[in-house]
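# Results of the structural survey
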Amino acid sequence: MKKSHLRLILNGKSAQRPDVRAAVKAVRSAGHDVSVRVTWEAGDTQRLTGEAIAQASGEGIDVLVAGGGDGTVNEVVSAALDFLGPDVAVPFSFGVLPLGTANDFARGIGLDPDDLMQCLKLAARGTAKRTDVGMVNGRAFVNVATGGFGTSVTTQTDPKLKKMLGGAAYIFTGLHRFRDLVASSGRITADGFEWEGAFLALAIGNGKQAGGGVELCPDAILDDGLLDLTVIPSPTADDVPDLLVQVLEKGPESLREAVVMKKLNAVTVESDNPLQINLDGEPLHSKKLEIVALPRRIEFKRP
């Protein structure tokens, strides 16, 4: 078995968790090196990622593990790409020790956040697979970028409804609260594609799911060189009852007719008013979003 050297950047809030310490101990006992760096305040993740890059060759660091939620994964990968620039190869692969609330990226790649020991063992001995990265106005995301009122709807969607309807629960909740919500509007353009109008939610997926398990981009593939665009247009008030019935009677697949879905390598979103978009949960506000895929830009330890 090849020995790995993991550098774990650990969210400070989780440093004393017994299951985290047990996972680190188990991987070390299996013959791997695990050096831990704990974040304390803003800017630590970026600084510690730069330190790992500088030390990668001399200390033999071959996996940089983000210990935290989706936001921590985003911070670690983004910091590495910012540090290296667009053309320099990252000197290690990435892994994740899922310690967040939703852990959408980790769950989407098949990790179980309730089994931290297995997650860290995968980071040590799993296969490093080429993985795309999405960029919005020069900022990276690894999983999904969401816009519109998606954040409020996903947090207010009943977990029982998610279990029953899957991704359709997101749309069901949005439709149910339709009269209470203000839709965003914009112009979306790409090579050979154009759409304009009001929308309840927008998602650009490298990964499939966000919002605690909702598959906003069910066809997304992490290494196909493309991003999956999903637009949920804002319906008229007269259409809402029929769409709600359709969700309940025909299931999630029937909603594809009401949703715009495209695979693209680049897309532009423009609006007369600033749009909020969340990159793996990290907010960005702009009237114009230039979104591109960086094909197979990084390597990630995933099943």
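Residues numbered from 1 in each chain as written. Predicted model: local features only at pLDDT ≥ 70, side-chain atom pairs only at ≥ 80, totals over all residues. Heavy atoms only, no water.

## A few points about the overall build of the chain
The secondary structure content of the chain amounts to 9 helices and 13 strands. Across the 303 residues of the chain, 53% fall into the buried class. Taking the contacts inside the chain whose residues are at least 6 apart along the sequence as the reference set, 75% of them involve residues at least 24 apart. Total accessible area on the chain stands at roughly 13800 Å², and carbon and sulfur atoms take up 50% of it. (Helix = DSSP H or I, 4+ residues; strand = E, 2+ residues; numbered from the N terminus. Buried < 20%, exposed > 50% of the residue type's maximum accessible area, 1.4 Å probe, protein only. Contact = heavy atoms within 4.5 Å. Areas by Shrake-Rupley, 256 points an atom, 1.4 Å probe, with all protein chains shown as cover.)

## Thoughts on the side chain of Ser-286
Turning to its location among the elements, Ser-286 is positioned in strand S13 (residues 282-301). One polar contact links the side chain of Ser-286 to the main-chain carbonyl oxygen of Lys-288, over a distance of 2.8 Å. Apart from residues no more than four positions distant in its own chain, Ser-286 is found in contact with Asn-137, Pro-274 and Leu-275. (Polar contact = N/O pair within 3.5 Å; in protein donor to acceptor, adjacent residues only side chain to side chain.)

## Description of the pattern of salt bridges
With the rule as written, the count across this model stands at 13 salt bridges. The residue Arg-130 makes a salt bridge to Glu-299 at a minimum N-O spacing of 3.6 Å. One end of the pair, Arg-130, is in strand S5 (residues 128-136); the other, Glu-299, is in strand S13, and 169 residues separate them in sequence. On the basis of relative accessible area, Arg-130 is assigned to the partly exposed category, the value being 37%. Put simply, Arg-7, Arg-37, Glu-51 and Glu-59 are held in one network by salt bridges that share partners. (Salt bridge = Lys/Arg side-chain N within 4 Å of Asp/Glu carboxyl O.)

## As for the environment of Asn-143
If you trace the backbone, Asn-143 turns up in the loop between strand S6 (139-141) and strand S7 (144-148). Measuring from C-alpha to C-alpha, the distance between Asn-143 and Ile-204 comes to 8.8 Å, with 61 residues separating the pair along the chain. Excluding its chain neighbours within four sequence positions, the residues that come into contact with Asn-143 are Asp-104, Phe-105, Ile-204, Gly-205, Asn-206, Gly-207, Lys-208, Gln-209 and Asp-280.

## Details of the nonpolar core
Core analysis: the biggest nonpolar cluster contains 48 residues, and Phe-92, Phe-94 and Leu-97 have the highest contact counts within it. Excluding anything up to four places from it in sequence, Phe-92 contacts Ala-52, Ile-53, Ala-56, Ile-61, Asp-62, Val-63 and Leu-64. In this structure, Phe-193, Trp-195, Leu-264 and Ala-293 belong to the second largest nonpolar core, which totals 24 residues. (Core = buried A, V, L, I, M, F, W, Y, C linked by side-chain atoms within 4.5 Å.)

## Some words on unusual backbone geometry
Non-glycine residue Asn-103 carries a positive phi angle of around 55 degrees. Positive phi values are uncommon outside glycine, yet Asn-137 reaches one of about 50 degrees. With respect to the helices, strands and loops of the structure, Asn-137 is situated in the loop between S5 and S6.

## Side note on helix H3 (residues 70-84)
The first and last C-alpha atoms of H3 sit 21 Å apart over 15 residues, in line with the 21 Å expected at 1.5 Å per residue. Among the 15 residues in H3, 12 count as buried, and that is most of the element. Buried within H3 are the following residues: Asp-70, Gly-71, Thr-72, Val-73, Asn-74, Val-76, Val-77, Ser-78, Ala-79, Ala-80, Leu-81 and Leu-84. Gly-85, located one to two residues past H3, shows a positive phi value of around 85 degrees. (Expected span 1.5 Å × (residues − 1).)

## Looking at the environment of Gly-213
Here Gly-213 lies in the loop between strand S9 (193-205) and strand S10 (227-233). On a C-alpha basis, the gap between Gly-213 and Asn-103 in space is 8.5 Å, while along the polypeptide they are 110 residues apart.

## With respect to the packing of aromatic side chains
This structure, assessed with the given rule, holds 3 aromatic pairs. An angle of 25 degrees between the planes, with centres 6.3 Å apart, marks the rings of Phe-94 and Phe-300 as stacked. On the criterion of sequence distance, the pair formed by Phe-94 in strand S4 (residues 93-98) and Phe-300 in strand S13 is long-range, its members being 206 residues apart. On the accessibility criterion, Phe-94 (1% relative accessible area) is buried. You can call Phe-300 buried: its relative accessible area is 0%. (Phe/Tyr/Trp six-rings, centres within 6.5 Å; stacked < 30°, edge-to-face > 60°.)

## Topic: the pairing of S13
Note that S5 and S13 share 8 bridges and pair antiparallel. Its bridge partner being in S13, Lys-129 is matched across the sheet by Phe-300. What sits between the antiparallel neighbours strand S12 (residues 266-279) and S13 is a turn of 2 residues, in which Asp-280 has the positive phi angle 55 degrees. (Pairing = 2+ DSSP bridges.)

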